[in-house]
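Working through the structure, step by step
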Amino acid sequence: MRAALPQGGALLGLDLGTQTIGTAFCDAGWRFASPGKTLKRGKFGADRLELAALVAERTVKGVVIGLPLNMDGSEGPRSQSSRAYARNVAEALNLPVLLWDERWSTASAESALIAQDLSRAKRATRIDSAAAAVILQAAIDALAGSGFG
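Notes on the structure follow.

The rules behind each value
Residues numbered from 1 in each chain as written. Predicted model: local features only at pLDDT ≥ 70, side-chain atom pairs only at ≥ 80, totals over all residues. Heavy atoms only, no water. Helix = DSSP H or I, 4+ residues; strand = E, 2+ residues; numbered from the N terminus. Buried < 20%, exposed > 50% of the residue type's maximum accessible area, 1.4 Å probe, protein only. Contact = heavy atoms within 4.5 Å. Pairing = 2+ DSSP bridges. Axes fitted to C-alpha atoms, helices over the stretch in contact; angles between N-to-C directions. Core = buried A, V, L, I, M, F, W, Y, C linked by side-chain atoms within 4.5 Å. Phe/Tyr/Trp six-rings, centres within 6.5 Å; stacked < 30°, edge-to-face > 60°. Lys NZ or Arg CZ within 6 Å of the ring centre and 35° of its normal. Salt bridge = Lys/Arg side-chain N within 4 Å of Asp/Glu carboxyl O.

Take the side chain of S82 next. Mapped onto the elements, S82 comes out in helix α2 (residues 77-93). Using a relative accessible area of 4% as the deciding quantity, one classes S82 as buried. Apart from residues no more than four positions distant in its own chain, S82 is found in contact with L16, G66, L67, P68 and L99.

With that settled, the discussion passes to the environment of S81. Here S81 is to be found in helix α2. S81 gets classed as partly exposed once you look at its relative accessible area, which sits at 38%. As for S81 and L5, which are separated by 76 residues in sequence, their C-alpha atoms are 25 Å apart.

For the rest of this paragraph, the subject is the sheet that holds strand β2 (residues 20-26). The strand order across the open sheet built from five strands is β3-β2-β1-β4-β5, with neighbouring strands paired in mixed fashion. A single partner strand is all that each edge strand has here, and the edge strands are β3 (33-40) and β5 (97-101). On average, adjacent strands in this sheet sit at an angle of 25° to one another, irrespective of strand direction. With respect to the sheet, helix α1 (residues 44-58) is in contact with β1 (11-16), β2 and β3, its orientation differing from that of β3 by roughly 150°. α2 contacts β1, β2, β4 (62-67) and β5 of the sheet and is inclined by roughly 170° relative to β4.

Okay, the nonpolar core next. Ranked by size, the top nonpolar core spans 17 residues in total, and within it L12, L14, L51, V63, I65 and V89 carry the most contacts. A total of four residues in this core trace back to one element, the largest contributor, which is α2. Excluding residues that lie within four positions of it along the chain, V89 makes contacts with F44, L51, V63, I65, N94 and V97. A33, L98, A132 and I135 belong to the second largest nonpolar core, which has 16 residues in total.

Moving on, we come to the packing of aromatic side chains. In the structure shown here, the tally under the stated rule is one aromatic pair. Ring geometry for F44 versus Y85: centroids 5.2 Å apart, planes at 85°, classification edge-to-face. Here Y85 lies in helix α2 and F44 lies in helix α1, a separation of 41 residues in the sequence. On the accessibility criterion, Y85 (4% relative accessible area) is buried. Here the guanidinium or amino end of R58 rests over the ring plane of F25, the centre of that ring lying 4.0 Å away.

This paragraph deals with the pattern of salt bridges. Following the criterion strictly, the structure yields four salt bridges and no others. Linking E75 and R83 is a salt bridge whose minimum nitrogen-to-oxygen distance equals 2.6 Å. Here E75 falls in the partly exposed class, since its relative accessible area comes to 36%. Residue class for R83 comes out partly exposed when judged on its relative accessible area of 32%. The partner of R78 in a salt bridge is E102, and the shortest N-O contact between them spans 3.9 Å. Linking R78 in helix α2 with E102 in the loop between β5 and α3 (105-115), this pair joins segments that are 24 residues apart in sequence.

Here it is as structure tokens:
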């Protein structure tokens, strides 16, 4: 992603679920990721239209998609599905796409939402976009070289 976008640019983060897609965005300088909206997942044609609208609205230059790996790092059927979705996004939106390990993203997002003292019902509506923000923040931290230690 760094090579594809040497000047940076806003990025769209996606957490792909079976029924929803959590979205997040980061600034052009790749400093902060913020949750966006949660989209209802449908056939890719409908998803493409919604994603294209978000890309145009935010002048997005690239996409980071969570890659659901097994705890041992191996890939399963969900990983293959995410890889196929990423290929479709790259082709349909004509943007560079980065797959990023999403292990623990939902647990991390859930902890953050609990720390904000959100009710269980509110957490349920925000968890996917919060997880997308966790995935995107991890990716931009690595891309910007601002890791700890």
